[in-house]
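# What the coordinates show
Listed below are the residues making up each chain.
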Amino acid sequence: MATDDVDFWFDPLCPFAWITSRTVLEVEQVRDIKVTWRIMSLAYLNEDKDISDDYRALLKDAWQPVRVCMAVEQEYGQEKLAELYTALGTRKHNGGAEKLDRGLIEDALSEAGLSTELADRMDDDSLDDAIRTSHHEGMDQVGYDVGTPTIAINGHAFFGPVLTRIPRGEDAGKIWDGAVALSAFPYFAELKRTRESELHFD
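All figures in this text were calculated on a predicted structure; none of them were measured in a lab.

### Overview of the overall build of the chain
When helices and strands are tallied, the chain shows 8 helices and 4 strands. Starting at the N terminus, the α and β elements of the chain follow one another as β-α-β-α-α-α-α-α-α-β-β-α. Taking 2.2 N^0.38 as the reference for a compact globule, 202 residues should give roughly 17 Å; the C-alpha atoms of the chain span a radius of gyration of 16 Å, in line with that estimate. Dimensions along the principal axes, computed over C-alpha positions, put the chain at roughly 45 × 40 × 30 Å. Out of the 202 residues belonging to the chain, those deemed buried represent 45%. Summarising the internal contacts of the chain: among those between residues at least 6 apart in sequence, 71% fall at separations of at least 24. Just so you have it, the chain exposes about 10,500 Å², and 47% of that area is on carbon and sulfur atoms. Charged side chains in the chain number 21 positive and 39 negative. The centres of these two groups are separated by 3 Å.

Shown next as structure tokens:
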């Protein structure tokens, strides 16, 4: 069976991308896939949208961790980007951190074996063009009425799967099989139901 090439776009702020990304790590154990982690920005996605004041406030500092992720990808590559995403997401989502602030980012960089001086890139807007380019490589394939997680499997991109908990082992594989099958049909657009209100990160 051929290896499935998977591109996964994430913003470390997004809890749904986090759950799906951890699902993909489970899928790696039971299916033949090769994942490339790619960066998108919720702040950029929503900058011209009519969103609530609370969500606008949440996105106020959302460029900063994404910039650090881009700097790490450019300077250290995929392996370190994946490690940093795991370290950021574990603190934010599993640990319940309120913000991806400098202290949290420095701790995550240290866990990933990277210099905490990379946190200086939080305010480096010279990275924003690269972030926008990476963002568009994903979002342009699926349209701007969706967000993250966005995944492409063998060049077929879609939004989702959106999950409220992380499936383990073969359950993750079965969900993946369904996503692969549906994504192959360009005329397939949506399959949706009301989700559980509570998210589970364990």
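### Some points on the nonpolar core
Grouped together as the largest cluster of nonpolar side chains are 59 residues, with contacts concentrated most on F8, F10, I39, L84, L88, L109 and W176. Looking at this core, the element that brings in the most residues is helix 4 (residues 63-76), giving 7 residues. In contact with L109, other than residues within four places in its own chain, are V68, V72, L84, L114, S115, T116, L118 and A119.

### Here's the deal with helix 1 (residues 15-30)
Over its 16 residues, helix 1 extends 24 Å from the first C-alpha to the last, a length consistent with the 22 Å expected when each residue adds 1.5 Å. Within helix 1, burial applies to F16, A17, W18, I19, T20, S21, R22, T23, V24, E26 and V27. Those residues of helix 1 hidden inside the fold are in contact with strand 1 (4-10), strand 2 (33-39), helix 5 (78-94), strand 3 (150-153) and helix 8 (170-183).

### Considering the pairing of strand 2
Put simply, side chains in a regular strand alternate between the two faces of the sheet. Burial analysis of strand 2 places 5 of its 7 residues in the buried class, which makes it a mostly covered element. Sheet topology places strand 1 next to strand 2; 7 bridges connect them, and they run parallel. Looking at strand 2, one finds that V6 is bridged to V35. In this fold, the crossover linking strand 1 to strand 2 by way of helix 1 has right-handed handedness.

### A look at the side chain of R67
Position of R67 relative to the elements: it lies in helix 4. A polar side-chain atom of R67 sits 2.8 Å from a polar atom in the side chain of D128. With residues up to four places along the chain from it excluded, the contact list for R67 reads R121, M122, D123, D124, D125, L127, D128 and I131.

### A look at the sheet that holds strand 4 (residues 156-159)
Read from one edge of the open sheet, 4 strands run 2-1-3-4, paired in mixed fashion. A single partner strand is all that each edge strand has here, and the edge strands are strand 2 and strand 4. Averaged over all adjacent pairs, the angle separating strand axes in this sheet is 20°, with direction ignored. Pairing between strand 1 and strand 3: 4 bridges, direction antiparallel. By the bridge assignment, W9 is partnered in strand 3 with T150. Sitting on the sheet, helix 4 touches strand 1 and strand 2, and the angle it makes with strand 2 is about 125°. Against the sheet, helix 5 contacts strand 1 and strand 2, and its axis sits at roughly 75° relative to strand 2.

Reading the values: the criteria
- Residues numbered from 1 in each chain as written.
- Predicted model: local features only at pLDDT ≥ 70, side-chain atom pairs only at ≥ 80, totals over all residues.
- Heavy atoms only, no water.
- Helix = DSSP H or I, 4+ residues; strand = E, 2+ residues; numbered from the N terminus.
- Rg over C-alpha atoms; globule rule 2.2 N^0.38 Å.
- Buried < 20%, exposed > 50% of the residue type's maximum accessible area, 1.4 Å probe, protein only.
- Contact = heavy atoms within 4.5 Å.
- Areas by Shrake-Rupley, 256 points an atom, 1.4 Å probe, with all protein chains shown as cover.
- Lys, Arg positive; Asp, Glu negative; His and termini not counted.
- Charge placed at Lys NZ, Arg CZ, Asp CG, Glu CD.
- Core = buried A, V, L, I, M, F, W, Y, C linked by side-chain atoms within 4.5 Å.
- Expected span 1.5 Å × (residues − 1).
- Pairing = 2+ DSSP bridges.
- Right-handed = clockwise from strand over helix to strand, strands pointing away.
- Polar contact = N/O pair within 3.5 Å; in protein donor to acceptor, adjacent residues only side chain to side chain.
- Axes fitted to C-alpha atoms, helices over the stretch in contact; angles between N-to-C directions.

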